[in-house]
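The primary structure of each chain is shown beneath.
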Amino acid sequence: MARSPRAADRVDGAARSGPDRGPAANGLSIKMGGLAARYGLLAIWALMIIVYGCLIPDRFLALSTLQTIVGTQSSLLFLSVAVLCPLLVGEFDLSSASVMGLAATLVPVVAERTDVWTACAVAIAASGLCGVLNALLVVRLGVPSLIVTLGSGSLYLGLAEALSPSGAVSLQDKRLSHLVTTKIAGLPLSFFYCLVLCAAMTYVLTWTPLGRSIVFVRSNREVARLAGVNVGALRATGYTLGSVIAGLSGVVLVGTVGGFDPSGSPAYLLPAFAAAFLGTAVVDPGRFNPMGTLLGVYFMATGIIGLQLLGYTGWVQEAFYGAGLMVAAVFTTLLNRTGGGPARSLTA
């Protein structure tokens, strides 16, 4: 006998809820899962601070430690924002760290033949061209982004190593160092550059029609195209802008440390992605966002520096970056399952 629509709704609702879970239990589960996804990362961060503060109060709670955590992550933060740009439009760029390494190598090499400011301009322009090449292959020709950027990352790394056949390169001009490392309130100028960049991107994404179009493209690329959004242009801009910011990261890095060994650039890729993905667990849960990425960088810096002060070295960074990426995936999965926020898939 056919069921009435109301009876069918009751049966279907019971099947979704399970035999032992009523509406109140389901509601409580959803609420708790949403709270865990939204505030779990902040809770873990607070717990880390409390534990480190109890174990090594004299060293971890010192002002110098806070300045180290905040003031030594500028190049990584720039690179994390570079990684974020393609992610905002539903793309991946695995070449960002290599672009950063190419820029950090170009600055000392070109500065030997001209002035440091011309060298910085050349490095940033070359980085932009790297992004244009990625965009051409992915957006125009339709080659999968993971394949293209994995290959181009190796290409850019090879070019950087070709420019520095003896290994590390050094910068003798101190003007760039002063522009990057001069301190205000105990923090280098590069930190404030990062803060302004993240704030500007947040404004664009939140309050402008361009930002709404970017969110639309990431949510549903085909629907955005049918609605008149120039999807291809936004995707290409994501790659190009990301590479330009990766070039800035390289400039900041060489200005901070006075040189660079291009063979070390791949080590920066995992922490940059980990920070971007951790950012989806805070500020605007379920979505990639600049301020969340900033917090993700300092969450990881807090954990790593605390472990180093406890005497753990060597393997700590790689293990913590990998764990951070897993934590971000867990929180976002919880958010997707519970409907606790505007969650989006973390894959392109």
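Residues numbered from 1 in each chain as written. Predicted model: local features only at pLDDT ≥ 70, side-chain atom pairs only at ≥ 80, totals over all residues. Heavy atoms only, no water.

Novice: Pulling in residues and values, what's your account of the overall build of the protein chain?
Specialist: A tally of helices and strands in the protein chain yields 16 helices and 4 strands. For the protein chain, with 348 residues in total, the buried portion stands at 47%. For the protein chain, contacts bridging at least 24 residues in sequence account for 76% of all contacts bridging at least 6. Accessible area of the protein chain: about 16,600 Å², with a carbon and sulfur share of 67%. (Helix = DSSP H or I, 4+ residues; strand = E, 2+ residues; numbered from the N terminus. Buried < 20%, exposed > 50% of the residue type's maximum accessible area, 1.4 Å probe, protein only. Contact = heavy atoms within 4.5 Å. Areas by Shrake-Rupley, 256 points an atom, 1.4 Å probe, with all protein chains shown as cover.)

Novice: Now, about the environment of Ala-319: what can you tell me, with residues and values included?
Specialist: Its place among the elements puts Ala-319 in helix 16 (residues 316-338). Distance in space between the C-alpha atoms of Ala-319 and Ile-304 is 9.5 Å, their sequence separation being 15 residues.

Novice: Please provide a residue-by-residue account of the packing of helix 7 (residues 116-140) against helix 8 (residues 145-163), values included.
Specialist: Each pair of packed helices gets described by two things: the angle between the helix axes and the distance between those axes. Between helix 7 and helix 8, whose axes approach to 10 Å, the crossing angle comes to 150°. The pairing of helix 7 with helix 8 is recorded here as roughly antiparallel in orientation. Judged by the sense of rotation from one axis to the other, the crossing of helix 7 with helix 8 is right-handed. Here Cys-130, Leu-133, Asn-134, Leu-137 and Val-138 of helix 7 lie close against helix 8, whose contacting residues are Ser-145, Val-148, Thr-149, Ser-152 and Tyr-156. Here the residues of the contact of helix 7 with helix 8 sort into 6 nonpolar, 4 polar and no charged. (Axes fitted to C-alpha atoms, helices over the stretch in contact; angles between N-to-C directions. Parallel < 35°, antiparallel > 145°, perpendicular 65-115°, else oblique. Left-handed = near helix turned anticlockwise from the far one by under 90°. Nonpolar A, V, L, I, M, F, W, Y, C, P; charged D, E, K, R; others polar.)

Novice: Pulling in residues and values, what's your account of the state of the cysteines?
Specialist: Enumeration over the complete set of coordinates arrives at 0 disulfides. Here Cys-194 is not cross-linked by a disulfide; its sulfur's nearest cysteine counterpart is in Cys-198, at 6.7 Å. The class of Cys-194 is buried, set by a relative accessible area of 1%. (Disulfide = S-S within 2.5 Å.)

Novice: Outline the pattern of salt bridges, listing residues and values.
Specialist: Any two side chains of opposite charge can pair, on the condition that their charged atoms come close. In total, this model carries 3 salt bridges according to the counting rule given. Here Arg-221 makes a salt bridge to Glu-91, at a shortest N to O gap of 3.1 Å. With a gap of 130 residues between them, Arg-221 in helix 12 (residues 221-226) and Glu-91 in the loop between helix 5 (74-88) and helix 6 (96-111) connect regions that are remote in the sequence. Taking relative accessible area as the criterion, Glu-91 reaches 3% and is therefore assigned buried. The closest approach of N and O atoms between Glu-222 and Arg-225, which form a salt bridge, is 2.6 Å. A residue pair is termed a helical-turn pair when its members lie 3 or 4 positions apart in one helix, as Glu-222 and Arg-225 do in helix 12 at 3 residues. (Salt bridge = Lys/Arg side-chain N within 4 Å of Asp/Glu carboxyl O.)

Novice: I'd like a rundown of the packing of helix 5 against helix 15 (residues 290-309), residues and numbers included.
Specialist: It is the contact of helix 5 with helix 15, at a shortest axis distance of 10 Å, that shows an interaxial angle of 140°. Taken together, helix 5 and helix 15 sit at an angle that is classed as oblique. Regarding helix 5 and helix 15, the two cross each other, and that crossing is right-handed. Together, Leu-76, Leu-77, Ser-80, Val-81 and Leu-84 of helix 5 and Pro-290, Thr-293, Leu-294, Val-297 and Tyr-298 of helix 15 make up the contact between the two elements. Partitioning the contact of helix 5 with helix 15 into residue classes produces 8 nonpolar, 2 polar and no charged.

Novice: Describe a nonpolar patch on the surface, listing the residues and the values that go with them.
Specialist: Where nonpolar side chains cluster on the molecular surface, the patch consists of Leu-47, Val-51, Leu-55, Leu-310, Tyr-312 and Trp-315 and spans about 610 Å² of accessible area. As for its position among the elements, Val-51 is in helix 2 (residues 23-55). (Patch = residues over 30% accessible without salt bridge, like charges linked within 9 Å, V, L, I, M, F, W, Y side chains within 5 Å.)

Novice: Could you give an account of the nonpolar core, naming the residues involved and the relevant values?
Specialist: Grouped together as the largest cluster of nonpolar side chains are 86 residues, with contacts concentrated most on Leu-87, Val-107, Leu-176, Tyr-298, Phe-299 and Met-300. Sorting elements by how many residues they give to this core places helix 5 first, with 11 residues. Ignoring anything within four residues of it in the chain, the contact list for Leu-176 reads Val-107, Val-116, Trp-117, Cys-120, Leu-171, Val-251, Val-254 and Gly-255. (Core = buried A, V, L, I, M, F, W, Y, C linked by side-chain atoms within 4.5 Å.)

Novice: Summarise the packing of aromatic side chains; cite the residues concerned and give the values.
Specialist: The geometry of an aromatic ring pair comes down to the distance between the two centres and the angle between the two planes. A full pass over the atoms with the stated rule returns 9 aromatic pairs. Between the aromatic rings of Tyr-52 and Phe-60, the centroid separation amounts to 5.1 Å while the plane-to-plane angle is 55°, which identifies the pairing as tilted. Tyr-52 sits in the buried class, given a relative accessible area of 6%. Looking at Phe-60, the relative accessible area reads 8%, which means it is buried. What links up through ring pairs into an aromatic cluster is the set Phe-92, Phe-273, Phe-277 and Phe-288. (Phe/Tyr/Trp six-rings, centres within 6.5 Å; stacked < 30°, edge-to-face > 60°.)

Novice: Talk me through the side chain of Asn-134; I want residue IDs and the actual numbers.
Specialist: Tracing the backbone shows Asn-134 in helix 7. Judged by relative accessible area, which is 0%, Asn-134 ranks as buried. Contacts of Asn-134, omitting those with residues within four sequence positions, involve Asp-93, Ser-95, Val-148, Thr-149, Ser-152, Tyr-156 and Tyr-239.

Novice: Kindly report on the environment of Val-99, identifying the contributing residues and their values.
Specialist: By secondary structure assignment, the location of Val-99 is in helix 6. For the pair Val-99 and Leu-159, spaced 60 residues apart in sequence, the C-alpha to C-alpha distance is 10.0 Å. With sequence-adjacent residues up to four places away left out, Val-99 is seen in contact with Ser-127, Cys-130, Tyr-156, Ser-243, Ala-246 and Gly-247.

Novice: An account of the environment of Ser-265 is needed here, citing residue identities and associated values.
Specialist: Tracing the backbone through its elements, the reader meets Ser-265 in the loop between strand 4 (259-260) and helix 14 (269-278). Once the C-alpha coordinates of Ser-265 and Ala-160 are considered, the two residues, 105 residues apart in sequence, prove to be 9.8 Å apart. From its side chain, Ser-265 meets the backbone oxygen of Pro-262 in a polar contact 2.9 Å long. (Polar contact = N/O pair within 3.5 Å; in protein donor to acceptor, adjacent residues only side chain to side chain.)

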